[in-house]
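# Survey of secondary and tertiary structure
The residues making up each chain are set out below.
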Amino acid sequence: MLELGVTYSVRRDLLYKGTARVEFVETLFTGGRFLVPPKILVIHFTYGASARSSANWFRDRKNPGSSAHVIVDRDGSVVQCADFNTVCWHAGKSRLRDIIGLNEHALSIEIANWGYLRQVGDRWNSHTGVAIAKATLATHKNGNPDGSPSPCGWEPYPEVQILSATAVATALVTEYGITEIVGHDDISKGRKWDPGPAFDMLRLRARVFGDRGISGDNRLRITPSDGLNLRAGPGTQYIALELLPVDTMVDVLQREGQWLSVSVIGSNSKPRATGWVHSHYVDGE
Ligand SMILES: [Zn+2]
């Protein structure tokens, strides 16, 4: 299981680190209580200087009004801005399959990070002009914010920050039965770029959901003797594309709750199709 050295937990919709409540800086902008229990966790970057500066932004009436449940700072410290039973305004116009508007269905973790950087000579600056020592060069999976085809600079996430975010996400999954972790850039494609390519979402999912690691050996075997449906999406409500026979091998691309996005390996050992299978019916080699 997770060996992070930092343990977070939730009690009465409040976040604790060990036995102490984490700092609480209450946002002014919420949408009241969840009408349905949230089963999705959305990861963001703040595009800002620090967790505290973003927490204060969530309290400033001069702003258009945005909020998130938790902010994780670069040093790994954590600020909670709203009870977990409360709708926050973090997703905006957003969609995940048939769910429109994720605010009413999701908890949120903001990660303090400048996101997309500006190149100034051989150096990198934040959009506010703060110098960033080192940039991660990458192209965003949905296309770069400036439309350029070549890799651009993103602020790296320190490991201590990732460890805290992972531990907080694990606490939320444990308490609320969260089944899916997505990026803002997965639900507001073309409009949002957070948490972006510097954030290893597959690693986060693998660490939080445990068992079938997405990193490392991710080739699995279809186990039911009467085969397993390959579906168009992560659920039985999606159409079956084909029936995969027992012993078919698949490579895991992504995990969403109990469902795995897979690449089906053909008889020539090359990928021949993609789709979704339920994780219960696949097994390691
Ligand atoms: Zn966001």
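Residues numbered from 1 in each chain as written. Predicted model: local features only at pLDDT ≥ 70, side-chain atom pairs only at ≥ 80, totals over all residues. Heavy atoms only, no water.

### Side note on the domain arrangement of the chain
Structurally, the chain comprises domain 1 (8-209) and domain 2 (219-284). Tallying the contact residues gives six residues for domain 1 and seven residues for domain 2. For the pairing of domain 1 and domain 2, the buried interface totals around 620 Å² over both sides, and the portion due to carbon and sulfur atoms is 50%. Interface area lost by domain 1 to domain 2 is led by Arg97, Arg205 and Phe209, which between them contribute 58%. (Domains from an automatic or database assignment. Contact = heavy atoms within 4.5 Å. Buried area = accessible area lost by both parts, 1.4 Å probe.)

### A look at the sheet that holds strand 1 (residues 8-11)
Read from one edge to the other, the open sheet built from three strands follows the order 1-2-3, with strand pairing classed as antiparallel. Both edges of this open sheet fall to strand 1 and strand 3 (20-21), since each of them pairs with a single strand only. By the bridge criterion, four bridges tie strand 1 to strand 2 (residues 14-17) in an arrangement that is antiparallel. By the bridge assignment, serine 9 is partnered in strand 2 with tyrosine 16. (Pairing = 2+ DSSP bridges. Helix = DSSP H or I, 4+ residues; strand = E, 2+ residues; numbered from the N terminus.)

### Looking at the coordination of the zinc ion
Ligation of the zinc ion by protein atoms is provided by His44 (ND1), His184 (ND1) and Asp194 (OD), these donors lying 2.0 to 2.1 Å from the ion. Along the chain, the residues that donate to the zinc ion are spaced as H-x139-H-x9-D. Of this pair, histidine 184 sits in helix 3 (residues 184-187) while aspartate 194 sits in the loop between helix 3 and helix 4 (201-209), placing them 10 residues apart in sequence. (Donors = N, O, S within 2.8 Å, 3.2 Å for Na, K, Ca; no water.)

### As for the nonpolar core
Residues Leu15, Leu41, Ile43, Ile109 and Leu172 are the most contacted members of the largest nonpolar core, which totals 36 residues. The set of elements that each furnish at least two residues to this core consists of strand 1, strand 6 (40-45), strand 7 (70-72), strand 12 (106-111), strand 17 (152-154), helix 2 (159-176) and helix 4. Among the elements that line this core, the one with the most residues is helix 2, at nine residues. The next biggest cluster of nonpolar side chains, apart from the first, holds 13 residues, and it includes Leu228, Val264, Val277 and Val282. (Core = buried A, V, L, I, M, F, W, Y, C linked by side-chain atoms within 4.5 Å. Buried < 20%, exposed > 50% of the residue type's maximum accessible area, 1.4 Å probe, protein only.)

### Some thoughts on helix 2
For helix 2, built from 18 residues, the straight-helix expectation of 26 Å at 1.5 Å per residue is met to within 8% by its first-to-last C-alpha distance of 25 Å. One or two positions beyond helix 2, positive phi appears at glycine 177, with a value near 65°. (Expected span 1.5 Å × (residues − 1).)

### Re the sheet that holds strand 14 (residues 123-125)
One open sheet accounts for three strands, arranged 13-14-15; its pairing is antiparallel. Either end of the sheet is taken by a strand with one partner, and the two such strands are strand 13 (118-120) and strand 15 (131-132). Direction of pairing for strand 14 relative to strand 15: antiparallel, over a ladder of two bridges. In the strand pairing of strand 15, tryptophan 124 is matched with isoleucine 132.

### A short note on unusual backbone geometry
Excluding glycine, most residues fall at negative phi; most peptide bonds, likewise, are trans. With an omega of 5°, the peptide bond running from aspartate 194 to proline 195 counts as cis. Examined against the element boundaries, proline 195 turns out to sit in the loop between helix 3 and helix 4. Positive phi, normally seen in glycine, also occurs at tyrosine 47, with a value near 65°. As for its position among the elements, tyrosine 47 is in the loop between strand 6 and helix 1 (51-57).

### Digging into the packing of aromatic side chains
Per the counting criterion, the structure on display carries five aromatic pairs. Each ring, one from phenylalanine 45 and one from tyrosine 47, has its centre 6.3 Å from the other, and the planes form 20°; the classification is stacked. By relative accessible area, tyrosine 47 is classed as partly exposed at 38%. Ring centres of tyrosine 116 and tryptophan 154 lie 5.8 Å apart, and the angle between their planes is 55°; this geometry places the pair in the tilted category. Of this pair, tyrosine 116 sits in the loop between strand 12 and strand 13 while tryptophan 154 sits in strand 17, placing them 38 residues apart in sequence. Of note, arginine 11 hangs over the ring of tyrosine 16, and the distance from its end group to the ring centre comes to 3.9 Å. (Phe/Tyr/Trp six-rings, centres within 6.5 Å; stacked < 30°, edge-to-face > 60°. Lys NZ or Arg CZ within 6 Å of the ring centre and 35° of its normal.)

### Here's the deal with the packing of helix 2 against helix 4
Across the interface, helix 2 lies against helix 4 with an axial gap of 9 Å and an inter-helix angle of 45°. The angle between helix 2 and helix 4 falls in the class oblique. In the packing of helix 2 onto helix 4, the handedness of the crossing is right-handed. Contacts between helix 2 and helix 4 pair Glu159, Ile162, Leu163, Thr166, Ala169, Thr170 and Val173 from the former with Arg203, Leu204, Arg207, Val208 and Phe209 from the latter. Within the contact of helix 2 with helix 4, the residues separate by chemical class into seven nonpolar, two polar and three charged. (Axes fitted to C-alpha atoms, helices over the stretch in contact; angles between N-to-C directions. Parallel < 35°, antiparallel > 145°, perpendicular 65-115°, else oblique. Left-handed = near helix turned anticlockwise from the far one by under 90°. Nonpolar A, V, L, I, M, F, W, Y, C, P; charged D, E, K, R; others polar.)

### Here we look at the pairing of strand 23 (residues 259-265)
A large share of strand 23 lies buried, amounting to seven of its seven residues. Where burial is concerned, the two faces of strand 23 agree: the one with Trp259, Ser261, Ser263 and Ile265 and the one with Leu260, Val262 and Val264 are both buried. Relative to strand 23, strand 22 (residues 249-256) runs antiparallel, the two being bridged by six bridges. Residue pairing across strands places arginine 255 opposite leucine 260, the latter belonging to strand 23. Connecting strand 22 to the antiparallel partner strand 23 that follows it, the hairpin turn spans two residues, and glycine 257 within it adopts a positive phi of roughly 60°. One ladder, built from seven bridges, connects strand 23 with strand 24 (residues 271-278); its direction is antiparallel.

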